[in-house]
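Inside the fold
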Amino acid sequence: MSSKIQGARQRARGEITSAIKDEARRHLANEGASRLSLRAVARELGMVSSALYRYFPSRDDLLTALITDAYDAVGAAAEAALAEAESVGDSHLVRWRAVCRAVRAWGLEHPHEYALIYGSPVPGYAAPPTTTQPASRVGLALLTVLRDAHASGALREPGRSAAAPDVVLKDTERLVGELGVRLPAAVAAEAVAAWSQLFGLVSFELFGQFTNVVAARDAFFDHAVERLADQVGLRR
């Protein structure tokens, strides 16, 4: 078989795979992840179910592909914002702010995909280990800001009285070791807390908890992000 024929088949497979995922995303928006059905997706695309199974053998395989894509997309948005801030020589605080804003912007633009990865778990589904690396991209972007700030002396480490308990520090020592980030465990512990609070802010906004509570959403988010920056020790 010629390489030209192989390439054409690979392109065709890629196009069909993309079409399946696009239709599945429409189902997420209309029906929710728990009601995602391979048969329904195949029907909308004019495919027989047996043909679709050659691309995604099960609903869980399709969900995993959508979850991986979503994690990669929000991670890429965070990394692009960080790279742009770095390229113009912005301060570490501004870089931190840029990453956080990029996460929020992506969530607001892709609410159903955000809900898939940060909303309620899908009954009967367990994400495989292959989703771990994509899921870590936003956290790694935040840790990169702190690593660079620490290396340049622009980071205030927590005092002993404010440091996390030893059992937490052991967890964060393991984490930074696995990620290969040179950062004190006490700072990494604060970073993990800030990372979870960042997504809590976005989730509250997307899922309606701020309704009739916070009207000035942009200003409130920026205020909260500044508080998170102070929490992790970024100097102004």
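Residues numbered from 1 in each chain as written. Predicted model: local features only at pLDDT ≥ 70, side-chain atom pairs only at ≥ 80, totals over all residues. Heavy atoms only, no water.

Observations regarding the packing of helix H9 (residues 166-179) against helix H10 (residues 185-206)
Where we set the bar: Simply put, an axis is a line fit to the C-alpha atoms, just over the touching stretch for a helix, and the angle between two N-to-C directions goes from 0 to 180 degrees. By definition, any uninterrupted DSSP run of H or I lasting at least four residues is a helix, any uninterrupted run of E lasting at least two residues is a strand, and each is numbered from the N terminus. Convention used here: angles under 35 degrees read as roughly parallel, angles over 145 as roughly antiparallel, angles from 65 to 115 as roughly perpendicular, and any remaining angle as oblique. Whether two residues touch is decided by their heavy atoms; if any such pair falls within 4.5 Å, the residues are in contact. Residue polarity is assigned by list, with Asp, Glu, Lys and Arg as charged and Ala, Val, Leu, Ile, Met, Phe, Trp, Tyr, Cys and Pro as nonpolar; anything else, Gly included, falls into the polar class.
It is the contact of H9 with H10, at a shortest axis distance of 8 Å, that shows an interaxial angle of 90°. Put simply, H9 runs roughly perpendicular to H10. Contacts from Val 168, Leu 169, Thr 172, Glu 173, Leu 175 and Val 176 in H9 reach Ala 185, Ala 186, Ala 188, Ala 189 and Val 192 in H10. In terms of residue class, the contact of H9 with H10 is built from nine nonpolar, one polar and one charged.

Thoughts on the layout of surface pockets
For clarity, the cut-off: Think of a 1 Å grid over the protein atoms and nothing else: a 1.4 Å probe that fits but is trapped marks a cavity, an open set flanked by protein within 12 Å on at least five of seven lines marks a pocket, and residues with an atom within 4 Å of a point count as lining. Grid points are joined across faces, edges and corners, and a volume is the space filled by probe spheres set on the points.
Roughly 340 Å³ of volume is contained in the largest pocket. Forming the walls of the largest pocket are 15 residues, and the residues nearest its centre are Ala 135, Ser 136, Gly 139, Leu 175 and Trp 195. Every element with two or more residues in the lining of the largest pocket is listed here: helix H7 (132-135), helix H8 (137-151), H9 and H10. In terms of residue count, the dominant contributor to the lining of the largest pocket is H8 (four residues). Here the residues of the lining of the largest pocket sort into eleven nonpolar, four polar and no charged.

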